[in-house]
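So you can see what is in the structure, the chains are spelled out below.
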Amino acid sequence: MRELELYIHIPFCIKKCLYCDFLSAPADVSVRDAYVDRLLEEIRFSGPDYSDCFVSSIFIGGGTPSILRSEQIEKLSDALNRNFHISEHAEFSVECNPGTLTMEKAKTMRRSGINRISMGLQSACNAELKLLGRIHTFEDFLLSFSFAREADFTNINVDLMSALPGQSAESWENTLRRTAELCPEHISAYSLILEEGTEFYTRYHEDALLRERGEEPKLLPSEEEERRMYERTEIFLRERGYQRYEISNYARPGYECRHNIGYWTGREYLGLGLGASSLIGNVRYRNTDILEDYIKTNPAGTENSRGEDAFFCREEERRGRKEEMEEFLFLGLRMTRGISRQDFRERFGMMPEDVYGNVFKRLKNDGLLDTAEGRIFLTKRGVDVSNTVFAQFLL
(Lines give C-alpha, C1' and ligand atoms only; values in the text may rest on other atoms or scores of the structure.)
Protein backbone atom coordinates (compact mmCIF):
# COMPACT_ATOMS: atom_id res chain seq x y z
CA MET A 1 0.00 0.00 0.00
CA ARG A 2 1.14 3.55 -0.72
CA GLU A 3 1.93 5.87 2.15
CA LEU A 4 -0.30 8.94 2.44
CA GLU A 5 -0.57 11.92 4.78
CA LEU A 6 -3.84 13.75 5.53
CA TYR A 7 -4.27 17.45 6.23
CA ILE A 8 -7.65 18.72 7.51
CA HIS A 9 -8.26 22.47 7.43
CA ILE A 10 -10.44 24.27 9.99
CA PRO A 11 -10.60 27.89 8.77
CA PHE A 12 -12.13 29.47 11.87
CA CYS A 13 -10.70 31.46 14.77
CA ILE A 14 -11.99 33.64 17.60
CA LYS A 15 -10.18 36.70 16.26
CA LYS A 16 -7.74 37.21 13.39
CA CYS A 17 -4.21 37.81 14.68
CA LEU A 18 -2.64 40.98 13.33
CA TYR A 19 0.27 39.16 11.62
CA CYS A 20 -1.73 36.24 10.19
CA ASP A 21 -2.20 35.68 6.46
CA PHE A 22 -3.55 32.12 6.73
CA LEU A 23 -6.93 31.17 5.29
CA SER A 24 -8.91 31.76 8.47
CA ALA A 25 -11.48 34.15 9.94
CA PRO A 26 -14.07 34.37 12.70
CA ALA A 27 -17.49 32.85 11.92
CA ASP A 28 -20.68 32.23 13.85
CA VAL A 29 -21.70 28.81 15.14
CA SER A 30 -24.14 28.08 12.30
CA VAL A 31 -21.42 28.62 9.67
CA ARG A 32 -18.96 26.44 11.57
CA ASP A 33 -21.58 23.69 11.89
CA ALA A 34 -22.37 23.79 8.17
CA TYR A 35 -18.69 23.67 7.36
CA VAL A 36 -18.02 20.63 9.54
CA ASP A 37 -20.98 18.81 7.96
CA ARG A 38 -19.57 19.50 4.49
CA LEU A 39 -16.08 18.47 5.59
CA LEU A 40 -17.47 15.16 6.83
CA GLU A 41 -19.04 14.67 3.39
CA GLU A 42 -15.71 15.34 1.70
CA ILE A 43 -13.99 12.82 3.97
CA ARG A 44 -16.59 10.15 3.16
CA PHE A 45 -16.44 10.98 -0.55
CA SER A 46 -12.64 10.97 -0.79
CA GLY A 47 -11.84 7.84 1.20
CA PRO A 48 -12.65 5.22 -1.47
CA ASP A 49 -10.23 6.88 -3.94
CA TYR A 50 -7.37 6.09 -1.57
CA SER A 51 -8.25 2.54 -0.58
CA ASP A 52 -4.78 1.44 -1.72
CA CYS A 53 -3.09 3.81 0.76
CA PHE A 54 -2.25 3.66 4.44
CA VAL A 55 -2.26 6.96 6.33
CA SER A 56 0.93 7.53 8.32
CA SER A 57 0.08 10.98 9.69
CA ILE A 58 -2.89 13.32 10.11
CA PHE A 59 -2.69 17.03 10.86
CA ILE A 60 -5.76 19.12 11.71
CA GLY A 61 -4.71 22.73 11.22
CA GLY A 62 -6.22 26.15 10.87
CA GLY A 63 -7.30 28.63 11.91
CA THR A 64 -8.03 27.27 15.34
CA PRO A 65 -9.26 23.65 15.27
CA SER A 66 -9.78 23.71 19.04
CA ILE A 67 -12.64 26.14 18.44
CA LEU A 68 -14.77 23.11 17.46
CA ARG A 69 -17.11 21.43 19.93
CA SER A 70 -16.07 18.11 21.46
CA GLU A 71 -18.70 16.17 19.50
CA GLN A 72 -17.44 17.67 16.22
CA ILE A 73 -13.90 16.59 17.03
CA GLU A 74 -15.20 13.07 17.69
CA LYS A 75 -17.15 13.03 14.42
CA LEU A 76 -14.11 14.09 12.39
CA SER A 77 -11.89 11.46 13.97
CA ASP A 78 -14.53 8.78 13.50
CA ALA A 79 -15.07 9.72 9.84
CA LEU A 80 -11.33 9.59 9.15
CA ASN A 81 -11.02 6.15 10.72
CA ARG A 82 -14.07 4.82 8.88
CA ASN A 83 -13.02 6.04 5.45
CA PHE A 84 -9.22 5.75 5.43
CA HIS A 85 -6.76 3.04 6.42
CA ILE A 86 -5.09 4.74 9.38
CA SER A 87 -1.84 3.16 10.51
CA GLU A 88 -1.85 1.87 14.08
CA HIS A 89 1.23 4.01 14.73
CA ALA A 90 0.09 7.13 12.86
CA GLU A 91 1.00 10.54 14.20
CA PHE A 92 -2.28 12.42 14.70
CA SER A 93 -1.80 16.13 15.43
CA VAL A 94 -4.20 18.98 16.09
CA GLU A 95 -3.47 22.70 16.45
CA CYS A 96 -4.80 24.29 19.63
CA ASN A 97 -4.79 27.90 20.75
CA PRO A 98 -4.81 28.86 24.43
CA GLY A 99 -8.19 30.22 25.41
CA THR A 100 -10.06 27.66 23.28
CA LEU A 101 -8.82 24.39 24.80
CA THR A 102 -10.80 23.03 27.74
CA MET A 103 -10.15 19.97 29.85
CA GLU A 104 -13.17 18.31 28.23
CA LYS A 105 -11.87 18.98 24.70
CA ALA A 106 -8.39 17.75 25.59
CA LYS A 107 -9.79 14.47 26.92
CA THR A 108 -12.05 14.14 23.87
CA MET A 109 -9.10 14.62 21.53
CA ARG A 110 -7.02 12.00 23.32
CA ARG A 111 -9.94 9.56 23.44
CA SER A 112 -10.51 10.12 19.70
CA GLY A 113 -7.01 8.94 18.83
CA ILE A 114 -5.28 12.33 18.58
CA ASN A 115 -1.81 11.84 20.07
CA ARG A 116 -0.03 15.15 19.41
CA ILE A 117 -1.00 18.75 20.18
CA SER A 118 0.58 21.80 18.57
CA MET A 119 -0.04 24.81 20.77
CA GLY A 120 0.41 28.41 19.62
CA LEU A 121 2.06 30.41 22.39
CA GLN A 122 4.22 32.85 20.33
CA SER A 123 5.49 34.77 23.38
CA ALA A 124 5.65 34.46 27.16
CA CYS A 125 5.33 38.24 27.46
CA ASN A 126 1.74 39.41 27.80
CA ALA A 127 2.53 42.82 26.31
CA GLU A 128 3.92 41.12 23.19
CA LEU A 129 0.88 38.83 22.98
CA LYS A 130 -1.42 41.84 23.11
CA LEU A 131 0.60 43.52 20.37
CA LEU A 132 0.22 40.42 18.19
CA GLY A 133 -3.55 40.47 18.65
CA ARG A 134 -3.61 37.12 20.43
CA ILE A 135 -6.71 36.30 22.48
CA HIS A 136 -4.77 34.77 25.38
CA THR A 137 -2.23 35.57 28.08
CA PHE A 138 0.78 33.48 29.11
CA GLU A 139 -1.26 32.34 32.12
CA ASP A 140 -3.99 31.09 29.75
CA PHE A 141 -1.33 29.13 27.88
CA LEU A 142 -0.09 27.53 31.09
CA LEU A 143 -3.62 26.40 31.89
CA SER A 144 -4.13 24.95 28.39
CA PHE A 145 -0.76 23.20 28.56
CA SER A 146 -1.74 21.64 31.90
CA PHE A 147 -5.02 20.42 30.35
CA ALA A 148 -3.07 18.66 27.60
CA ARG A 149 -0.74 16.96 30.08
CA GLU A 150 -3.61 15.92 32.35
CA ALA A 151 -5.36 14.42 29.32
CA ASP A 152 -2.27 12.21 28.82
CA PHE A 153 -0.71 13.97 25.84
CA THR A 154 2.97 13.01 25.80
CA ASN A 155 3.81 14.76 22.55
CA ILE A 156 3.28 18.54 22.61
CA ASN A 157 4.69 21.20 20.30
CA VAL A 158 4.85 24.88 21.23
CA ASP A 159 5.03 27.58 18.52
CA LEU A 160 7.13 30.66 19.31
CA MET A 161 7.78 33.86 17.35
CA SER A 162 10.80 36.17 17.46
CA ALA A 163 11.76 39.54 15.92
CA LEU A 164 8.51 41.14 17.11
CA PRO A 165 8.10 44.94 17.27
CA GLY A 166 9.67 46.19 20.48
CA GLN A 167 11.08 42.75 21.37
CA SER A 168 14.63 42.46 22.70
CA ALA A 169 17.02 39.52 22.76
CA GLU A 170 16.51 39.35 26.53
CA SER A 171 12.72 39.18 26.16
CA TRP A 172 13.05 36.45 23.53
CA GLU A 173 15.36 34.41 25.76
CA ASN A 174 12.84 34.74 28.58
CA THR A 175 10.20 33.23 26.28
CA LEU A 176 12.56 30.38 25.38
CA ARG A 177 13.37 29.77 29.05
CA ARG A 178 9.78 29.76 30.30
CA THR A 179 8.77 27.44 27.45
CA ALA A 180 11.66 25.02 27.95
CA GLU A 181 10.89 24.82 31.69
CA LEU A 182 7.62 23.11 30.75
CA CYS A 183 9.54 20.41 28.85
CA PRO A 184 7.41 20.19 25.69
CA GLU A 185 8.66 17.52 23.32
CA HIS A 186 8.90 19.90 20.35
CA ILE A 187 9.44 23.64 19.85
CA SER A 188 8.93 25.57 16.60
CA ALA A 189 10.70 28.94 16.63
CA TYR A 190 9.92 31.28 13.73
CA SER A 191 10.85 34.87 12.96
CA LEU A 192 8.06 37.31 12.23
CA ILE A 193 7.42 37.77 8.51
CA LEU A 194 5.44 40.80 7.41
CA GLU A 195 2.92 39.32 4.99
CA GLU A 196 1.21 41.68 2.58
CA GLY A 197 -2.47 42.16 3.36
CA THR A 198 -2.05 41.83 7.13
CA GLU A 199 -2.44 44.56 9.73
CA PHE A 200 1.23 44.13 10.66
CA TYR A 201 2.29 44.74 7.06
CA THR A 202 0.45 48.05 7.08
CA ARG A 203 1.96 49.06 10.42
CA TYR A 204 5.56 47.95 10.04
CA HIS A 205 6.41 47.58 6.34
CA GLU A 206 8.13 50.96 6.23
CA ASP A 207 10.15 49.90 9.26
CA ALA A 208 11.29 46.77 7.42
CA LEU A 209 12.34 48.82 4.39
CA LEU A 210 14.48 51.03 6.62
CA ARG A 211 16.25 47.97 7.96
CA GLU A 212 16.83 46.60 4.45
CA ARG A 213 18.52 49.92 3.54
CA GLY A 214 20.77 49.67 6.57
CA GLU A 215 18.95 52.41 8.44
CA GLU A 216 17.76 52.08 12.02
CA PRO A 217 14.14 50.81 12.19
CA LYS A 218 11.78 52.60 14.55
CA LEU A 219 9.83 49.67 16.01
CA LEU A 220 11.09 46.37 14.63
CA PRO A 221 14.27 44.99 16.23
CA SER A 222 17.46 46.01 14.48
CA GLU A 223 19.19 43.53 12.22
CA GLU A 224 21.85 43.02 14.90
CA GLU A 225 19.22 42.41 17.60
CA GLU A 226 17.35 39.93 15.39
CA ARG A 227 20.62 38.11 14.70
CA ARG A 228 21.24 37.82 18.44
CA MET A 229 17.79 36.23 18.88
CA TYR A 230 18.36 33.83 16.01
CA GLU A 231 21.80 32.68 17.17
CA ARG A 232 20.76 32.34 20.79
CA THR A 233 17.80 30.11 19.93
CA GLU A 234 19.80 27.16 18.65
CA ILE A 235 22.37 27.34 21.48
CA PHE A 236 19.79 27.78 24.24
CA LEU A 237 17.58 24.90 23.10
CA ARG A 238 20.48 22.54 22.38
CA GLU A 239 21.72 23.05 25.94
CA ARG A 240 18.32 21.89 27.14
CA GLY A 241 18.14 18.73 25.06
CA TYR A 242 16.38 19.99 21.93
CA GLN A 243 18.01 19.01 18.65
CA ARG A 244 17.57 21.22 15.62
CA TYR A 245 16.34 18.98 12.81
CA GLU A 246 14.99 21.69 10.49
CA ILE A 247 15.66 25.39 10.00
CA SER A 248 12.97 26.48 12.51
CA ASN A 249 12.16 23.26 14.38
CA TYR A 250 13.66 21.65 17.46
CA ALA A 251 12.74 18.38 19.16
CA ARG A 252 13.78 15.97 21.82
CA PRO A 253 15.12 12.75 20.24
CA GLY A 254 12.30 10.76 18.66
CA TYR A 255 9.76 13.61 18.69
CA GLU A 256 10.45 15.22 15.32
CA CYS A 257 7.19 16.10 13.54
CA ARG A 258 6.67 13.19 11.16
CA HIS A 259 3.93 14.99 9.25
CA ASN A 260 6.18 17.93 8.37
CA ILE A 261 9.06 15.62 7.51
CA GLY A 262 6.68 14.03 5.01
CA TYR A 263 6.20 17.42 3.34
CA TRP A 264 9.95 18.05 3.22
CA THR A 265 10.71 14.64 1.73
CA GLY A 266 8.02 14.70 -0.97
CA ARG A 267 5.54 12.23 0.52
CA GLU A 268 2.06 12.23 -1.03
CA TYR A 269 -0.58 14.10 0.95
CA LEU A 270 -4.29 14.73 0.66
CA GLY A 271 -5.77 18.03 1.85
CA LEU A 272 -9.41 18.15 2.92
CA GLY A 273 -11.36 21.30 3.68
CA LEU A 274 -11.40 24.90 2.53
CA GLY A 275 -8.34 25.87 0.48
CA ALA A 276 -6.55 22.63 1.34
CA SER A 277 -3.77 21.50 -1.00
CA SER A 278 -2.90 17.96 -2.09
CA LEU A 279 0.07 16.34 -3.78
CA ILE A 280 -0.74 13.03 -5.45
CA GLY A 281 1.90 11.67 -7.79
CA ASN A 282 3.25 14.68 -9.67
CA VAL A 283 -0.03 16.61 -9.57
CA ARG A 284 -1.03 19.31 -7.09
CA TYR A 285 -4.68 19.99 -6.30
CA ARG A 286 -6.20 22.82 -4.29
CA ASN A 287 -9.73 23.07 -2.97
CA THR A 288 -11.70 26.25 -3.42
CA ASP A 289 -10.90 28.95 -0.87
CA ILE A 290 -14.37 30.52 -1.10
CA LEU A 291 -16.28 29.42 1.99
CA GLU A 292 -19.74 29.79 0.45
CA ASP A 293 -18.73 27.64 -2.54
CA TYR A 294 -17.29 24.96 -0.28
CA ILE A 295 -20.35 24.72 1.94
CA LYS A 296 -23.06 24.79 -0.71
CA THR A 297 -24.51 21.55 -2.07
CA ASN A 298 -23.15 20.56 -5.45
CA PRO A 299 -25.54 19.46 -8.25
CA ALA A 300 -25.85 15.68 -8.37
CA GLY A 301 -23.59 13.98 -10.87
CA THR A 302 -21.23 16.93 -11.36
CA GLU A 303 -17.72 15.50 -11.22
CA ASN A 304 -14.26 16.50 -12.31
CA SER A 305 -11.77 14.36 -14.26
CA ARG A 306 -10.83 12.45 -11.10
CA GLY A 307 -14.44 11.53 -10.36
CA GLU A 308 -14.55 13.92 -7.40
CA ASP A 309 -17.20 16.43 -6.43
CA ALA A 310 -16.29 19.20 -8.87
CA PHE A 311 -16.29 22.24 -6.61
CA PHE A 312 -13.98 20.65 -4.04
CA CYS A 313 -11.08 21.06 -6.43
CA ARG A 314 -10.59 24.51 -7.88
CA GLU A 315 -7.07 24.24 -9.23
CA GLU A 316 -4.91 21.51 -10.68
CA GLU A 317 -1.22 21.82 -11.51
CA ARG A 318 0.91 19.08 -13.02
CA ARG A 319 4.53 19.37 -11.96
CA GLY A 320 7.26 18.91 -14.55
CA ARG A 321 10.50 17.07 -13.93
CA LYS A 322 12.34 20.37 -13.40
CA GLU A 323 9.89 21.50 -10.71
CA GLU A 324 10.13 18.14 -8.95
CA MET A 325 13.92 18.38 -8.80
CA GLU A 326 13.79 21.93 -7.48
CA GLU A 327 11.32 20.98 -4.76
CA PHE A 328 13.40 17.97 -3.80
CA LEU A 329 16.32 20.32 -3.10
CA PHE A 330 14.35 23.28 -1.64
CA LEU A 331 12.44 21.17 0.86
CA GLY A 332 14.98 18.46 1.63
CA LEU A 333 17.75 20.92 2.45
CA ARG A 334 15.54 22.57 5.08
CA MET A 335 16.33 19.57 7.27
CA THR A 336 19.69 19.49 9.01
CA ARG A 337 20.32 15.98 7.66
CA GLY A 338 19.78 17.27 4.15
CA ILE A 339 19.05 15.03 1.18
CA SER A 340 20.12 11.53 0.22
CA ARG A 341 22.05 11.25 -3.04
CA GLN A 342 20.65 7.75 -3.51
CA ASP A 343 17.05 8.91 -3.00
CA PHE A 344 17.58 11.53 -5.70
CA ARG A 345 18.96 8.87 -8.05
CA GLU A 346 16.08 6.47 -7.40
CA ARG A 347 13.56 9.19 -8.10
CA PHE A 348 15.15 10.92 -11.11
CA GLY A 349 17.47 8.30 -12.61
CA MET A 350 20.63 10.37 -12.13
CA MET A 351 22.81 11.66 -9.35
CA PRO A 352 22.18 15.20 -8.03
CA GLU A 353 25.69 16.19 -9.15
CA ASP A 354 24.68 15.44 -12.74
CA VAL A 355 22.18 18.30 -12.51
CA TYR A 356 23.63 20.62 -9.88
CA GLY A 357 27.35 19.80 -9.96
CA ASN A 358 28.55 23.37 -10.50
CA VAL A 359 26.13 24.73 -7.91
CA PHE A 360 27.24 22.19 -5.31
CA LYS A 361 30.90 22.99 -5.99
CA ARG A 362 30.39 26.73 -5.65
CA LEU A 363 28.31 26.43 -2.46
CA LYS A 364 30.81 24.03 -0.92
CA ASN A 365 33.71 26.37 -1.72
CA ASP A 366 31.74 29.17 -0.04
CA GLY A 367 31.28 27.05 3.08
CA LEU A 368 27.50 26.86 2.69
CA LEU A 369 27.12 23.18 1.73
CA ASP A 370 28.79 19.94 2.75
CA THR A 371 28.56 16.22 2.04
CA ALA A 372 29.03 13.11 4.19
CA GLU A 373 27.86 9.49 4.16
CA GLY A 374 25.93 9.85 0.93
CA ARG A 375 24.04 12.97 2.02
CA ILE A 376 24.17 16.63 1.01
CA PHE A 377 23.31 19.21 3.66
CA LEU A 378 23.67 22.86 4.59
CA THR A 379 26.43 23.95 6.94
CA LYS A 380 25.54 26.14 9.91
CA ARG A 381 26.47 29.15 7.81
CA GLY A 382 24.35 27.79 4.98
CA VAL A 383 21.34 27.47 7.27
CA ASP A 384 21.78 31.10 8.29
CA VAL A 385 21.43 32.23 4.65
CA SER A 386 19.22 29.39 3.47
CA ASN A 387 16.98 31.49 1.23
CA THR A 388 20.02 32.65 -0.71
CA VAL A 389 21.22 29.06 -1.03
CA PHE A 390 17.86 27.75 -2.21
CA ALA A 391 17.72 30.33 -4.98
CA GLN A 392 20.80 28.67 -6.52
CA PHE A 393 18.79 25.55 -7.33
CA LEU A 394 16.33 27.18 -9.72
CA LEU A 395 16.83 25.45 -13.06
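Residues numbered from 1 in each chain as written. Predicted model: local features only at pLDDT ≥ 70, side-chain atom pairs only at ≥ 80, totals over all residues. Heavy atoms only, no water.

## A closer look at the packing of aromatic side chains
As enumerated under the stated definition, the model contains 16 aromatic pairs in all. Measuring from ring centre to ring centre gives 5.2 Å for phenylalanine 12 and tyrosine 35, while their planes differ by 85 degrees; the resulting arrangement is edge-to-face. Residue phenylalanine 12 is found in the loop between β1 (2-10) and α1 (29-46), and its partner tyrosine 35 is found in helix α1; the two are separated by 23 residues along the sequence. Judged by centre distance (5.0 Å) and plane angle (85 degrees), the rings of phenylalanine 200 and tyrosine 204 are edge-to-face. Of this pair, phenylalanine 200 and tyrosine 204 both sit in helix α7 (residues 199-212), four residues apart, which is roughly one turn of that helix. Residue classification places phenylalanine 200 among the buried positions, given a relative accessible area of 0%. (Phe/Tyr/Trp six-rings, centres within 6.5 Å; stacked < 30°, edge-to-face > 60°. Helix = DSSP H or I, 4+ residues; strand = E, 2+ residues; numbered from the N terminus. Buried < 20%, exposed > 50% of the residue type's maximum accessible area, 1.4 Å probe, protein only.)

## Brief notes about the layout of surface pockets
Considering only enclosed or pocket space, the second largest pocket measures out at about 220 Å³ in volume. In terms of lining, the second largest pocket is formed by 17 residues, of which the most central are Trp264, Thr265, Gly266, Phe328 and Asp343. Of all the secondary-structure elements, those providing two or more residues to the lining of the second largest pocket are α11 (321-332), β13 (339-340) and α12 (341-348). Top element by residues in the lining of the second largest pocket is α11. It accounts for five residues. Here the residues of the lining of the second largest pocket are counted per class, giving five nonpolar, five polar and seven charged. (1 Å grid on protein atoms, 1.4 Å probe; cavity = no way out; pocket = protein on both sides within 12 Å on 5 of 7 lines; lining within 4 Å. Points joined across faces, edges and corners; volume = space filled by probe spheres on them. Nonpolar A, V, L, I, M, F, W, Y, C, P; charged D, E, K, R; others polar.)

## Considerations on the pairing of strand β6 (residues 186-191)
Alignment of strand β5 (residues 156-162) against β6, held across six bridges, turns out to be parallel. What sits directly across from methionine 161, in β6, is tyrosine 190. Of the crossover connections in this fold, the one passing from β5 over helix α6 (residues 169-180) to the parallel β6 is right-handed. Two strands pair when backbone bridges link them, and β6 and strand β8 (residues 249-251) are joined in this way by three bridges, in the antiparallel orientation. Its bridge partner being in β8, serine 188 is matched across the sheet by asparagine 249. (Pairing = 2+ DSSP bridges. Right-handed = clockwise from strand over helix to strand, strands pointing away.)

## Quick word on unusual backbone geometry
Cis geometry is adopted by the peptide bond preceding glycine 63, which originates at glycine 62 and carries an omega value of 15 degrees. As for its placement among the helices and strands, glycine 63 is situated in the loop between β2 (53-62) and α2 (70-83). Its identity as a non-glycine residue notwithstanding, alanine 163 has a phi of 65 degrees, on the positive side. Note that alanine 163 resides in the loop between β5 and α6. At glutamate 373, a position not held by glycine, the phi torsion is positive, near 50 degrees. Along the chain, the position of glutamate 373 falls in the loop between β14 (369-372) and β15 (375-378).

## Things to note about α1
Here α1 spans 26 Å end to end across 18 residues, near enough to the 26 Å set by a 1.5 Å rise per residue. Of all the residues in α1, the buried ones are Arg32, Tyr35, Val36, Arg38, Leu39, Leu40, Glu42, Ile43 and Ser46. As for α1, its buried residues are in contact with β1, α2, β9 (269-272), β11 (283-287) and α10 (291-295). (Expected span 1.5 Å × (residues − 1). Contact = heavy atoms within 4.5 Å.)

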